Amino acid sequence: MRRRLLYRTLFAVLLIGVGGTSLTACSSKKSKPDAQASGAPKVLTVSTAVVGEQSLLRELLVSGSVVAWDPLPVMPGANGLRIVKVAAEEGQTVVRGQLLAQLDDSTLLAQTQAARARAAGALAQLAKMRQPTRRQDLLSAEAALAQAEANFQMVEDTWKRVKALREEGGVSDAELVSREMQVGVARAGVEQARQRLSLAREGSRAEDLRLAEAQAAEAQASVRQMEAMLAQTRLVAPDAGLIVRRDAHLGDVSTVGRALFQLVRANRLEVEALVPETDLGRLKEGQLVQVSSDARPDLRATGRVRMVGAQVDASSRQATVKIALEQGSEFKAGMFVRAAINLGAVKTLAVLSRALITTENGSQVFVLENGVAKTRSVQPGLRAGDWVAINRGLKAGEPVIIAGVGFLKDGDAVNVAPALQDESDTPSSDAPEVEPSP
């Protein structure tokens with residue numbers, strides 16, 4: 001039994017091997033015609049566009065930083081005063097005259113009040129000297145003079161009597177000398193009273209009046225100085241704008257010359273870009289500019305050339321161009337941006353950029369000639385989106401292959417598919433203007 005089973009198994013294996021060999025032979029016979037067919041030349045299907053004149057916009061690509069149109073530093077005018085209040089924060093929009101910070105003004109306030117009191121006294125003295133002498137003062141001066149004269153007359157009469165008695169030996173020499181001295185004093189009193197009456201009648205002298213006026217002016221100037229110092233304890237916004245930096249903190253001591261706040265005047269931003277001197281002649285104020293950010297591709301804004309620098313750096317041969325950004329843009333000061341400056345449109349021969357092949361030997365296109373793709377060396381110019389200007393190598397009306405160029409080589413026979421031809425691929429004067437890269 002075991003031998004029978006072994007014989008049957010060997011016979012089955014032999015049949016399977018013979019059948020597999022037959023199938024392989026049949027398969028090779030059937031594949032032979034396909035291999036012969038693969039050796040036939042292939043004809044690629046392409047699409048073409050006619051070379052024509054296109055209106056392309058020229059632009060100059062530059063890069064730079066966003067800066068404030070007019071940065072306004074807010075610095076304290078008083079030195080050594082503590083900050084007692086901070087009333088504004090970064091990112092806040094303020095108006096002209098709005099309080100930003102308050103410095104300690106207690107000492108200056110007391111000094112200002114003292115200066116005002118001194119000025120009031122000086123003005124009162126000046127007013128008194130300017131007024132004419134009152135009637136009561138004149139009468140008092142006249143009475144004083146009459147009294148002094150009467151006293152002199154009495155002293156003089158007494159001296160005369162004592163002098164007569166001295167000649168008779170009735171009084172001593174000392175008594176006579178004492179009476180003589182009294183006469184001198186009384187005479188001086190009369191003279192002094194007479195001068196006072198004269199001054200009362202004439203009023204203040206011009207020199208005294210000018211001195212009083214100068215003292216009053218000095219006192220008033222001192223008041224104004226103290227009031228100005230007192231006003232400097234209030235740090236206010238010099239103009240409307242956006243606060244981009246705050247360095248003021250409670251308890252800090254003010255230092256003249258150190259900015260406590262930095263404002264962007266009127267919240268106006270601009271781009272400062274460096275432009276080679278060879279391109280300066282193409283720029284002018286008012287040119288439209290499209291601004292974008294690499295960090296935020298969704299962030300774009302429109303601007304205009306505000307100023308073309310009047311000086312070229314001697315080392316870099318570049319000048320600064322300032323581009324004013326539109327109000328309300330989301331750009332922030334300090335951001336790095338790219339700007340495309342519109343230099344105007346130009347009419348030129350152009351083809352779709354996908355028709356252009358760039359190699360180490362230059363740029364080429366495939367021109368359709370009698371159903372055959374022929375390579376043509378060209379000199380490309382402006383690039384504007386899907387279009388590229390051709391400065392040399394093509395003529396208007398020539399058909400250029402725009403689809404399938406990656407699979408072609410010079411002299412390949414091609415089949416033009418009408419379904420792939422599209423009127424939008426043909427440049428025309430009615431085509432929309434696009435913005436090229438330089």
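Remember, predicted model here, so these are calculated numbers, not experimental data.

(A) The overall build of the chain, seen in detail. Counting its regular elements, the chain contains five helices and 20 strands. A total of 438 residues make up the chain; the buried ones form 30% of that total. On the chain, roughly 27200 Å² of surface is accessible, and the fraction owed to carbon and sulfur atoms is 53%.

(B) Summary view of the nonpolar core. Membership of the largest hydrophobic core comes to 29 residues, with the highest contact counts inside it found for Leu100, Ile243, Phe261 and Leu263. Elements supplying a minimum of two residues to this core: strand 3 (71-74), strand 6 (99-103), helix 2 (106-130), helix 5 (206-231) and strand 9 (261-265). Apart from the residues lying within four places of it in its own chain, the contact partners of Ile243 are Ala88, Glu89, Glu90, Gly91, Gln92, Val94, Leu100, Phe261, Gln262 and Leu263. Grouped together as the second largest cluster of nonpolar side chains are 26 residues, Ala273, Leu283, Val305 and Ile341 included.

(C) Examining the environment of Ile390 more closely. Looking at where Ile390 falls in the secondary structure, it is placed in strand 18 (residues 387-392). Each C-alpha atom, one on Ile390 and one on Pro380, is 4.5 Å from the other, the two residues being ten residues apart in sequence. Apart from the residues within four sequence positions on either side, Ile390 is in contact with Thr348, Leu349, Ala350, Val351, Val378, Gln379 and Pro380.

(D) Local environment of the pairing of strand 3. Covered by surrounding structure in strand 3 are Leu72 and Val74 only, the residues Pro71 and Pro73 on the alternate face being uncovered. Two strands pair when backbone bridges link them, and strand 3 and strand 9 are joined in this way by four bridges, in the antiparallel orientation. The partner of Val74 across the bridge, within strand 9, is Phe261.

(E) Region of the structure containing the packing of helix 2 against helix 5. Where helix 2 contacts helix 5, the axes come no closer than 8 Å and their chain directions differ by 160°. In terms of their interaxial angle, helix 2 and helix 5 are classed as roughly antiparallel. Considering only the axes of helix 2 and helix 5, their crossing is left-handed. When grouped by side-chain class, the residues that make up the contact of helix 2 with helix 5 number 16 nonpolar, five polar and six charged.

(F) Region of interest: the sheet that holds strand 9. Pairing is antiparallel across the open sheet formed by four strands, whose spatial order is 3-9-8-5. Each having just a single partner strand, strand 3 and strand 5 (93-94) make up the two edges of the open sheet. Pairing analysis gives five bridges linking strand 8 (residues 241-246) to strand 9, with the strands arranged antiparallel. Within strand 9, the position partnered with Arg246 by the bridge is Phe261.

(G) Structural view of the sheet that holds strand 7 (residues 234-236). The antiparallel open sheet is built from three strands, whose spatial order is 4-6-7. Each edge of the open sheet carries a strand with a single partner, namely strand 4 (83-86) and strand 7. Shown here is a sheet whose adjacent strand axes are inclined to one another by a mean of 20°, direction ignored. Sheet topology places strand 6 next to strand 7; three bridges connect them, and they run antiparallel. Looking across to strand 7, one finds that Gln102 is bridged to Arg234.

(H) Molecular detail of the environment of Asp239. Mapping Asp239 onto the fold places it in the loop between strand 7 and strand 8. Spatially, the C-alpha atom of Asp239 lies 8.1 Å from that of Val94, the residues being 145 residues apart in sequence. Among residues more than four places away in sequence, those in contact with Asp239 are Leu72, Val95, Arg96, Leu263 and Arg265. In this structure the side chain of Asp239 is engaged in a polar contact, spanning 3.0 Å, whose partner is the side chain of Arg265.

(I) Just the confidence of the model for the chain, in detail. The predicted model of the chain has a mean per-residue pLDDT of 82, with 83% of residues at 70 or higher. Throughout residues 1-40 the model reports pLDDT below 50, and contacts reaching past four residues in sequence, or to other chains, amount to zero contacts. With pLDDT under 50 throughout, residues 419-438 is counted as low confidence; its partners more than four residues away or in other chains account for 49 contacts.

(J) Geometry of helix 5. Between its terminal C-alpha atoms helix 5 stretches 37 Å, which fits the 38 Å expected from 26 residues at 1.5 Å a residue. Residues Ala212, Ala216, Ala219, Val223, Met226 and Leu230 constitute the buried set of helix 5. Along its buried surface, helix 5 packs onto helix 2 and strand 7.

(K) Representation of the pattern of salt bridges. Tallied over the entire structure, the rule returns 18 salt bridges. Note that Asp247 is salt-bridged to Arg245, the shortest N-O span being 3.1 Å. We note a salt bridge from Arg306 to Glu270, for which the minimum N-O separation is 2.8 Å. Of this pair, Arg306 sits in strand 12 (residues 300-308) while Glu270 sits in strand 10 (residues 269-276), placing them 36 residues apart in sequence. Shared partners join several salt bridges into a network, and the residues in it are Asp70, Asp239 and Arg265.

(L) Representation of helix 3 (residues 135-168) in the model. With 34 residues, helix 3 extends 50 Å from end C-alpha to end C-alpha; this agrees with the ideal 50 Å at 1.5 Å per step. Turning to helix 3, its buried residues are Leu138, Ala141, Leu145, Ala148, Phe152, Val155, Glu156, Thr158, Trp159 and Val162. Positive phi appears at Gly169, one or two residues downstream of helix 3, with a value of about 85°.

Thresholds applied
Residues numbered from 1 in each chain as written. Predicted model: local features only at pLDDT ≥ 70, side-chain atom pairs only at ≥ 80, totals over all residues. Heavy atoms only, no water. Helix = DSSP H or I, 4+ residues; strand = E, 2+ residues; numbered from the N terminus. Buried < 20%, exposed > 50% of the residue type's maximum accessible area, 1.4 Å probe, protein only. Areas by Shrake-Rupley, 256 points an atom, 1.4 Å probe, with all protein chains shown as cover. Core = buried A, V, L, I, M, F, W, Y, C linked by side-chain atoms within 4.5 Å. Contact = heavy atoms within 4.5 Å. Pairing = 2+ DSSP bridges. Axes fitted to C-alpha atoms, helices over the stretch in contact; angles between N-to-C directions. Parallel < 35°, antiparallel > 145°, perpendicular 65-115°, else oblique. Left-handed = near helix turned anticlockwise from the far one by under 90°. Nonpolar A, V, L, I, M, F, W, Y, C, P; charged D, E, K, R; others polar. Polar contact = N/O pair within 3.5 Å; in protein donor to acceptor, adjacent residues only side chain to side chain. pLDDT = per-residue confidence, 0-100. Expected span 1.5 Å × (residues − 1). Salt bridge = Lys/Arg side-chain N within 4 Å of Asp/Glu carboxyl O.

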